[in-house]
Amino acid sequence: MAKFGQFIHRVKEDVTVAFNTSYGSDKKITVNLNQIDDGANSSIVRRSAVYSGNIQLIRIKGTVSGSATQVTLKGYTDSAGNDLLLPPSVGTLEPSVDGTSHSVVFRVNAYHAAETSSINLFCKTNTGTFTASEVLITWYE
């Protein structure tokens, strides 16, 4: 029986990337959008590399040093940062309630289809450094 309706997926990965006041090809987070995490286990949505869906939310969590308060995010379909998918968006770093981490959230709403299921997120801060430790992306098909 064929699927019908909307299916919401979540990709959540641990990362270690330090972002400062400039973009760099070595400062990016690469995420396979077809590798979903349902909270209990991780699995592949589709066995092929093809991706099609609506990217809804990107949350990046980490720690701040040097008084960083904002992150600018851009998304590309290639790892070199030449094929722009998500234009620059600025988000405010919000501290956790206990103050041990900071997060920035971007509402995207981008329909996307490509021969690759990877998205490359390039970030920079307004000042100081933001060291990302986790990325969460939600999307639906």
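This text follows the structure it describes.
Residues numbered from 1 in each chain as written. Predicted model: local features only at pLDDT ≥ 70, side-chain atom pairs only at ≥ 80, totals over all residues. Heavy atoms only, no water.

Assigned secondary structure in the chain consists of zero helices and eleven strands. Taking all 141 residues of the chain together, 40% fall into the buried category. Within the chain, counting contacts between residues at least 6 apart in sequence, those at least 24 apart form 76% of the total. Surface exposure of the chain reaches about 7500 Å², of which carbon and sulfur atoms provide 50%. (Helix = DSSP H or I, 4+ residues; strand = E, 2+ residues; numbered from the N terminus. Buried < 20%, exposed > 50% of the residue type's maximum accessible area, 1.4 Å probe, protein only. Contact = heavy atoms within 4.5 Å. Areas by Shrake-Rupley, 256 points an atom, 1.4 Å probe, with all protein chains shown as cover.)

Leave glycine aside and you will find that most residues have negative phi; peptide bonds, for their part, are mostly trans. Here the phi dihedral of S67 falls at roughly 65 degrees; this positive angle occurs in a residue that is not glycine. For S67, the position within the fold is in the loop between β5 (51-65) and β6 (70-76). For S67, a relative accessible area of 57% corresponds to the exposed category. Phi is positive for N109, which is not a glycine, with a value near 55 degrees. Here N109 shows up in strand β9 (residues 102-114). Residue N109 is classed as partly exposed on the basis of its relative accessible area, which comes to 42%.

What follows concerns the sheet that holds strand β11 (residues 129-140). Pairing is antiparallel across the open sheet formed by five strands, whose spatial order is β1-β11-β5-β9-β8. The strands lining the two open edges of the sheet, one partner per strand, are β1 (8-19) and β8 (94-95). Here β5 runs beside β11; their pairing, made up of eleven bridges, is antiparallel. Considered in β11, the bridge of I55 is made with W139. (Pairing = 2+ DSSP bridges.)

Glancing now at the sheet that holds strand β7 (residues 84-92). Pairing in this open sheet of four strands is antiparallel, and the strands run β2-β10-β6-β7 from one edge to the other. For this open sheet the edge positions go to β2 (28-32) and β7, each flanked by a neighbour on one side alone. Across the sheet, the mean angle from the axis of one strand to that of its neighbour is 20 degrees, orientation sign disregarded. The pairing of β6 with β7 spans six bridges and is antiparallel. Looking across to β7, one finds that V71 is bridged to G91. (Axes fitted to C-alpha atoms, helices over the stretch in contact; angles between N-to-C directions.)

This paragraph deals with the pattern of salt bridges. What the rule picks out here adds up to two salt bridges. Of the charged contacts, one joins E134 and K12 as a salt bridge, the two residues approaching to 3.9 Å between their closest N and O atoms. Separated by 122 residues along the polypeptide, E134 in strand β11 and K12 in strand β1 bring together distant segments of the chain. Classification of E134 by relative accessible area gives buried; the value is 11%. (Salt bridge = Lys/Arg side-chain N within 4 Å of Asp/Glu carboxyl O.)

Our next topic: the environment of Q70. Mapped onto the secondary structure, Q70 falls in strand β6. Judged by relative accessible area, which is 32%, Q70 ranks as partly exposed. With 21 residues separating them in the primary sequence, Q70 and G91 have C-alpha atoms 5.6 Å apart. Contacts of Q70, omitting those with residues within four sequence positions, involve V90, G91, T92, L93, K124, T125 and N126.

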